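Coordinate inspection notes
Here's the letter readout for the chains.
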Amino acid sequence: MSVCRLGFSVLVYGLGSKKALLEDFRVSHLSQEIHLVINGFYPSITLKSILNALTCEVLEHQGTFRTPSDQIHFIAQTLKDTPDLHVYLLIYNIDGPMLRGEKTQSALGQLASLPNLHLVASIDHINAPLVWDQFKQSQFNWLWWECVTFQHYTEETSYENSLLVQQTDTLVLSSLTYVLRSLTPNARGIFKLLVKFKLENKDNPSYTGLSFQDFYQRCREAFLVNSDLSLRTQLIEFKDHKLIRTRKGADGAEYLIVAVETSTLMDFLENEDDD
């Protein structure tokens, strides 16, 4: 507690699960303090859920935010305006698969740098320190404590099967984002238009895709193409990357189908909006 109040973040490492150790610390020292526990090994944990917990449950804010940056700015401003308010963030496995991303670690680093937000975390992966560059290290201001417990990683490994599914989705999402960012703005706009139409019809059991002619009209109205030939050229690129496929309808028309899971497409659009 003294180390936290001095402005350091505490990072425990070493062989064996540190969950019971940190839980003992939480019960004995944080029971009377405002604190938030984050299980980094959960397959469903996201940066948004962490920020929402801080703004809604800890700071009791009822509104919404446009971007994670706005949310972090609100947290920083609120804590600055109330210097007597101390919030403790306890993160089991800050190196968990769902927290390793650049955006998430950058956001956590910004939070850790706030004078009255105190961070205590554990790591288990041998290469965990590689997720922090020099700038992030300075933001976290870690004090490293070796805590060898030799305890089984029972909880940390209990979600492995779920994580395999999650990692597959994450791989598809990162591949999709990478491919789209290598294309022209118009090509990205064309694909987003097709994605939005699929999501609008995600609850429609009779949805079989969007006809080429209808899609061409939508692209023309959005000033994304000036001829059906230019649209077909763009579609060839999407087909090559296996992002879309085409089929002939009962009426003989050509229908376009996005060959990516709906949940991944929703994450993709959310990331694009955040950027």
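Residues numbered from 1 in each chain as written. Predicted model: local features only at pLDDT ≥ 70, side-chain atom pairs only at ≥ 80, totals over all residues. Heavy atoms only, no water.

1. Re the nonpolar core
The criterion, for reference: Nonpolar core, defined: a set of buried Ala, Val, Leu, Ile, Met, Phe, Trp, Tyr and Cys residues in which side-chain atoms within 4.5 Å join the residues together. To sort residues, take the accessible area from a 1.4 Å probe on protein chains only and compare it with the maximum for the residue type: under 20% means buried, over 50% means exposed, and anything in between is partly exposed. For the purposes of this entry, the term helix denotes a DSSP run of H or I that reaches at least four residues, the term strand denotes a run of E that reaches at least two, and both are numbered from the N terminus. Only heavy atoms enter the contact rule, under which two residues are in contact if any of them lie within 4.5 Å.
By size, the foremost hydrophobic cluster in this structure holds 33 residues, and its most contacted members are Ile91, Ile94, Leu111 and Leu119. Looking at which element gives the most residues to this core, the answer is helix α3 (residues 47-58), with 6 residues. For Ile94, the contacting residues outside a window of four places in its chain are Leu11, Leu99, Gln105, Leu108, Leu119, Ala121, Ser122, Ile123, Trp132, Phe140 and Trp142. With 30 residues, the next largest nonpolar core counts Leu173, Leu180, Leu199 and Leu210 among its residues.

2. Side note on a nonpolar patch on the surface
This is how it is decided: Patch construction takes residues with relative accessible area above 30% that form no salt bridge. Like charges are linked within 9 Å, and nonpolar side chains (Val, Leu, Ile, Met, Phe, Trp, Tyr) are linked within 5 Å. All accessible areas in this document rest on Shrake-Rupley with a 1.4 Å probe, and a residue is counted as covered only by the protein chains that are shown. We define a salt bridge as a contact between a side-chain nitrogen of Lys or Arg and a carboxyl oxygen of Asp or Glu at a distance within 4 Å.
Residues Leu15, Val148 and Phe150 make up a contiguous nonpolar surface patch of roughly 330 Å² in combined accessible area. Relative to the assigned elements, Val148 resides in the loop between β5 (142-146) and α7 (160-181). Its relative accessible area of 41% is what places Val148 among the partly exposed residues.

3. A closer look at the pattern of salt bridges
With the rule as written, the count across this model stands at 6 salt bridges. Note that Glu23 is salt-bridged to Arg26, the shortest N-O span being 2.8 Å. Of this pair, Glu23 and Arg26 both sit in helix α2 (residues 19-29), 3 residues apart, which is roughly one turn of the helix. Accessibility expressed as a relative area gives 22% for Arg26, which makes it partly exposed. With a shortest N-O distance of 3.0 Å, Lys136 and Glu102 are connected by a salt bridge. On the criterion of sequence distance, the pair formed by Lys136 in helix α6 (residues 134-140) and Glu102 in helix α5 (residues 102-112) is long-range, its members being 34 residues apart. Taken together, the shared-partner salt bridges connect Glu102, Asp133 and Lys136 into one network.

4. Some thoughts on the UniProt feature "domain: Origin recognition complex subunit 2 RecA-like" (unreviewed entry) in the protein chain
The test is simple: UniProt positions are given in the numbering used here, feature names are shortened, and annotations may be inferred rather than shown by experiment.
Within this structure's numbering, the places UniProt gives as "domain: Origin recognition complex subunit 2 RecA-like" (unreviewed entry) are residues 6-147. Helix makes up 39% of residues 6-147 and strand makes up 20%, while its end C-alpha atoms are separated by 21 Å.

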